[in-house]
Amino acid sequence: MGGVAASVLTGASFSAAKAETIWESLALAYANNPTLNAARAQLRGVDENVPQALAGWRPTVTAGASAGRIRSGVDSFVDYRNNASISMTISQTIFRGFRTINSTRQAESVVRAQRESLNSTEQDTLLDAATAYVDVIRDTALVSLQRSDLAFLQEQVRAARDRFDVGEGTRTDVSQAEARAAEARASLNTALANLNTSRAIYRQVVGIEANNLSADTRISRYVPKSVNEALQLSETNQPLIRQAEHQVDAAIFNIKAIEGELLPTVTLDGSISRSWGSSSTVDITDNAQIFGNVSIPLYQGGGVSSRVRQAKESLGQTRLQLDVARDQVRANVISAWGNYQAAEASIIAAQAAVEAQKLALEGVIEEQRVGQRTTLDVLDAQRELVTQQSNLVTAQRNRIVGGYQLVASVGQLDAGSLGLNVARYEPKQHYQAVRDQWFGLRTPDGR
C-alpha cells in the first residue's frame, strides 16, 4: 500500500514519526477484540470438560444428619425418646468399563479442537483488522482524490465564466462545468461517508479510533512464493484442518466411552454412622461397614446399543467433515492466490492507465487553449483520470488485502508468525491450572 501514498495520496497527511503502523493495530486487535476474547473464554469453559471426566477416578463423599422424636409402645406402655444420627459414606469406583479413560481422552481431543477453533478465530480477527486498516487508507486516498477533482472542476467553472464574460465561451460551457462540479461535490460526500464507515469498522475491530495511520502495510514477505508452497503450508498449518482431525479423535473416544456402559462396574463403598436413642436400651449405637460391589449390565432396553450406533454414524460424519475441510482450505488457497496475482496485474495496468491519462489531460487542456478542444473534452478527460486513479487505489488495496487473505488461508496469519509485539495468550496455562483440581469454586483468575 506504500504505492498508494506515493502515487495517489497527494492530499492526505501521514506523520512517519507518530503514525500508527498496521502491526500496532493488529496487536491491539489481538489484545482487545471482543470476538477473540469471547473465543478465549469459550476455550476456558471447554477446558473444564477434562477435570469433569477425571472425576470418574475420584471418590465421592457424602455426609448426613437427622434428628427427631420417636413414640413406641401400646396402650399404657408408651415410650417417648429423642433420636439423632450422623453418617458419612464414601464410594470409590474401581472399574467403569474404561469409561473414565475414554471420556478423558475424548475431553482432551475436544480441548485440542477448540484450541484450533481459537486459532482460526485469531486469524479471522487479524484479517478483519488488516482489512479495516487498509480500507481506511483506501478511503482516505479516495477522499483526497475527490477533493482534488472538485478543486480542479471549480477552477474550470471559474475559467468558463471568465471566457463567457469576455465573449470567448458559451453559457453551455459554464453549465457543463458547473454540472461536473456539482457531481464531484456529491462524489466527495459519498467518499466521506464511506471513510466514516471504514473508520467505524476499524474502531469495532481494533478498539481505538483510526487516527494517523501509516501507509506502509507491506505483507509480501509473508506471502508464499508459489501456489504449491501455499498448498503445502496449508496442509500442516491451517487450523480448520487440525480442528477437524481432533474432532475425529473425539468421536472415536466417544464410541469407546459409550461401549463401556455395557461392561461391569466395580465400586468399593464404605460408611460410618452414630445414632443416639435408637432404642430404649441403648443410648449410642456406632456402625461401620465396607462393601465391594459389582454391577453387571445385562439389558438396558436397547438404549445403549442405539447410542453406540449413533456415535458411529457421528464418527462417519466427522471424517467426511475432515475431507470437506481439506477441500475447502485447498479451494481457499487457490482462490486467494489467484486474487493476489490478479491484483498485482491490475496495479500494473492501472498505473499505466493513470500515466497515459495524465498526458491525455495535459494535451486536451493545451488543445483547448488554442481552440481545438471544448470545455466538455477537458471535463471528460478529467473524469477519466479520476476514474483511473480510483482504480489504482482500489487495485493497491486489493493486493494488500489479498496478501493477508492468502497468508490466512495457509494458516500463518497469527501473532506468532507475524511477530506481533504483544503478550501472547497461552491456552495451556488455564488448562494446566484446572486439569487436576479436586475442588474449588474460583476460576484461576480469581472470579
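The structure presented is a predicted model; accordingly, all values stated were derived computationally and were not measured.

1. Focus on the overall build of the protein
For the protein, the count of helices and strands is 12 helices and four strands. Over its C-alpha trace the protein gives a radius of gyration of 37 Å, far above what one expects of a compact globule, namely 22 Å for 447 residues. With respect to the three principal axes, the spread of C-alpha positions in the protein is 135 × 55 × 45 Å. Burial status across the protein gives 40% buried among its 447 residues.

2. Let's talk about the packing of helix α5 (residues 99–165) against helix α10 (residues 375–409)
In helix packing, the relevant descriptors are the interaxial angle and the interaxial distance, both defined with respect to the helix axes. Close contact between α5 and α10 brings their axes to 10 Å; oriented N to C, the two are set at 170°. Considering their axes alone, α5 and α10 lie roughly antiparallel with respect to each other. Of the residues contributing to the contact of α5 with α10, the split by class is 16 nonpolar, nine polar and five charged.

3. Focus on the side chain of Ser275
With respect to the helices, strands and loops of the structure, Ser275 is situated in strand β3 (residues 265–276). Ser275 sits in the buried class, given a relative accessible area of 16%.

4. Describing the pattern of salt bridges
Tallying each qualifying case throughout the model produces 19 salt bridges. Between Arg158 and Glu155 there is a salt bridge whose closest N-O contact spans 2.3 Å. With Arg158 and Glu155 both in helix α5 and three residues apart, this pair spans about one turn of that helix. Judged by relative accessible area, Arg158 falls into the partly exposed class, the value being 42%. Arg399 serves as the salt-bridge partner of Glu344, at 3.2 Å between the closest nitrogen and oxygen. With Glu344 in helix α9 (residues 303–369) and Arg399 in helix α10, this pair connects stretches of sequence that are 55 residues apart. We classify Glu344 as partly exposed; its relative accessible area is 25%. By sharing partners, the salt bridges in this structure join Asp135, Arg138, Asp139 and Arg397 into a single network.

5. Brief notes about the packing of aromatic side chains
For any pair of aromatic rings, the description rests on two quantities: the centre-to-centre distance and the angle between the ring planes. If you walk through the whole model with that rule in mind, you get three aromatic pairs. Summarising the aromatic geometry, the rings of Tyr133 and Tyr202 are spaced 6.2 Å apart at their centres and angled 50° between planes, so their arrangement reads as tilted. With Tyr133 in helix α5 and Tyr202 in helix α6 (residues 171–206), this residue pair connects regions lying 69 residues apart in the sequence. Taken individually, Tyr133 and Tyr202 each receive the classification buried, so the pair is uniform in this respect.

6. Points about α9
Residue pairs three or four apart in sequence face the same way in an α-helix, which turns once every 3.6 residues. With 67 residues, α9 extends 93 Å between its outermost C-alpha atoms, agreeing within 8% with the 99 Å of an ideal straight helix rising 1.5 Å per residue. The positive-phi residue at the C-terminal boundary of α9 is Gly371, with phi of around 85°.

7. Things to note about the environment of Leu54
Residue position: Leu54 is located in helix α4 (residues 49–54). Residues Leu54 and Ser346 lie 292 residues apart in sequence; the distance between their C-alpha atoms is 58 Å. Filtering out sequence-adjacent residues up to four positions away, Leu54 remains in contact with Thr104, Arg435 and Asp436.

8. Description of the environment of Ala395
Note on placement: Ala395 falls in helix α10. Considered as a pair, Ala395 and Gly363 are 32 residues apart in the sequence and their alpha carbons are 26 Å apart. The contact partners of Ala395, leaving out residues within four places of it in the chain, are Ala343, Ser346 and Ile347.

9. Some thoughts on the environment of Ile296
Residue position: Ile296 is located in the loop between β4 (284–295) and α9. Residue classification places Ile296 among the exposed positions, given a relative accessible area of 54%. Between the C-alpha atom of Ile296 and that of Leu263, which follows or precedes it by 33 residues, the distance is 6.7 Å.

10. What about the nonpolar core?
Grouped together as the largest cluster of nonpolar side chains are 81 residues, with contacts concentrated most on Leu26, Tyr202, Tyr404 and Leu413. With 17 residues, α9 is the single largest residue contributor to this core. Contacts of Tyr404, omitting those with residues within four sequence positions, involve Ile22, Trp23, Leu26, Leu127, Ala130, Thr217, Arg218, Ile219 and Leu413. In terms of nonpolar packing, the next biggest core, distinct from the first, is built from seven residues, Val46, Val50, Val111 and Tyr431 among them.

11. Let's talk about the confidence of the model for the protein
Put simply, the protein has an average pLDDT of 87, and 93% of its residues get 70 or more. Scored below 50 in pLDDT, residues 1–17 shows 41 contacts in the model against residues more than four places distant or in partner chains.

12. Some points on a nonpolar patch on the surface
On the surface, Val61, Met88, Ile90 and Ile272 cluster together into a nonpolar patch covering about 340 Å² of accessible area. Considering the arrangement of structural elements, one finds Ile90 in strand β2 (residues 77–95). On the accessibility criterion, Ile90 (38% relative accessible area) is partly exposed.

13. Concerning unusual backbone geometry
Even without glycine at this site, Phe98 takes up a positive phi of about 65°. Of the residues examined, Phe98 reaches a relative accessible area of 47% and is grouped as partly exposed. Of note in the backbone geometry, Asn212 takes a positive phi value of approximately 55° without being a glycine. Mapped onto the fold, Asn212 is located in the loop between α6 and α7 (227–237). In this structure Asn212 comes out as partly exposed when scored by relative accessible area, which is 29%.

Reading guide: rules and limits
- Residues numbered from 1 in each chain as written.
- Predicted model: local features only at pLDDT ≥ 70, side-chain atom pairs only at ≥ 80, totals over all residues.
- Heavy atoms only, no water.
- Helix = DSSP H or I, 4+ residues; strand = E, 2+ residues; numbered from the N terminus.
- Rg over C-alpha atoms; globule rule 2.2 N^0.38 Å.
- Buried < 20%, exposed > 50% of the residue type's maximum accessible area, 1.4 Å probe, protein only.
- Axes fitted to C-alpha atoms, helices over the stretch in contact; angles between N-to-C directions.
- Parallel < 35°, antiparallel > 145°, perpendicular 65-115°, else oblique.
- Nonpolar A, V, L, I, M, F, W, Y, C, P; charged D, E, K, R; others polar.
- Salt bridge = Lys/Arg side-chain N within 4 Å of Asp/Glu carboxyl O.
- Phe/Tyr/Trp six-rings, centres within 6.5 Å; stacked < 30°, edge-to-face > 60°.
- Expected span 1.5 Å × (residues − 1).
- Contact = heavy atoms within 4.5 Å.
- Core = buried A, V, L, I, M, F, W, Y, C linked by side-chain atoms within 4.5 Å.
- pLDDT = per-residue confidence, 0-100.
- Patch = residues over 30% accessible without salt bridge, like charges linked within 9 Å, V, L, I, M, F, W, Y side chains within 5 Å.
- Areas by Shrake-Rupley, 256 points an atom, 1.4 Å probe, with all protein chains shown as cover.

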